[in-house]
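Below, each chain spelled out in residue letters.
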Amino acid sequence: MSDTKILNRQIEAVQLGTYCTIIKDMLIQYRSLSIVKIAVFSFILKKQSTLQIECYNAKNTTDLVLKALTQISGRQKEFLCQIPYILQALDLLIKNNICDQHQGEIMCRLPSTASHQAISGFLHNAILESHTFTDRQFLKEVISIV
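Residues numbered from 1 in each chain as written. Predicted model: local features only at pLDDT ≥ 70, side-chain atom pairs only at ≥ 80, totals over all residues. Heavy atoms only, no water.

*Asks:* What's the story with the environment of Lys46 in this structure? I'm lost.
*Replies:* Summarising the element assignment, Lys46 is placed in helix α2 (residues 35–51). Expressed as a C-alpha distance, the spacing of Lys46 and Thr18, which sit 28 residues apart in the sequence, is 7.7 Å. (Helix = DSSP H or I, 4+ residues; strand = E, 2+ residues; numbered from the N terminus.)

*Asks:* How do you make sense of the packing of aromatic side chains when you look at a structure like this?
*Replies:* Two aromatic rings, taken as a pair, are described by how far apart their centres are and by the angle between their planes. In this structure the tally under the stated criterion is two aromatic pairs. Taken together, a centroid distance of 5.6 Å and an interplanar angle of 45 degrees make the contact between Phe41 and Phe138 tilted. Linking Phe41 in helix α2 with Phe138 in helix α6 (residues 135–145), this pair joins segments that are 97 residues apart in sequence. Both residues of the pair, Phe41 and Phe138, belong to the buried class. Between Phe43 and Phe79, the ring centres sit 5.2 Å apart and the planes meet at 65 degrees, which makes this aromatic pair edge-to-face. Of this pair, Phe43 sits in helix α2 while Phe79 sits in helix α4 (residues 76–95); the two residues are 36 residues apart in sequence, bridging distant segments of the chain. For Phe43, a relative accessible area of 1% translates into the label buried. Residue Phe79 is classed as buried on the basis of its relative accessible area, which comes to 10%. Above the ring of Phe138, the side-chain terminus of Lys37 is found at 5.9 Å from the ring centroid. (Phe/Tyr/Trp six-rings, centres within 6.5 Å; stacked < 30°, edge-to-face > 60°. Buried < 20%, exposed > 50% of the residue type's maximum accessible area, 1.4 Å probe, protein only. Lys NZ or Arg CZ within 6 Å of the ring centre and 35° of its normal.)

Here you go:
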């Protein structure tokens, strides 16, 4: 196997591992999220951890979902490239009995007391607010912003 193929496989493994951790941690904290919301919020969480910056804080109280989505504005190509990794991570979590899937919702099988990475106050509130959006509404907002 060539060095390039080995490097690409290593990059893929790191991407999958990162998304598995992010998704598992989100689901431990929120118990259940739709696939659409997992894809978007896991991408935002990965970008935040990579860039180590936040645009908003927990003091923001209005239009939290829309403000959260602005963090991926202009990153359509990058987001679309990450979707296969996110879906593969979801598949791995389901196959390893960490999560269950039922009618487009992913639920965590781990106890809520399991350790997980803390999510910022702002993004935590945005994820909670996203529960008031149907997947269709949420996806419309994503498409209009990204």
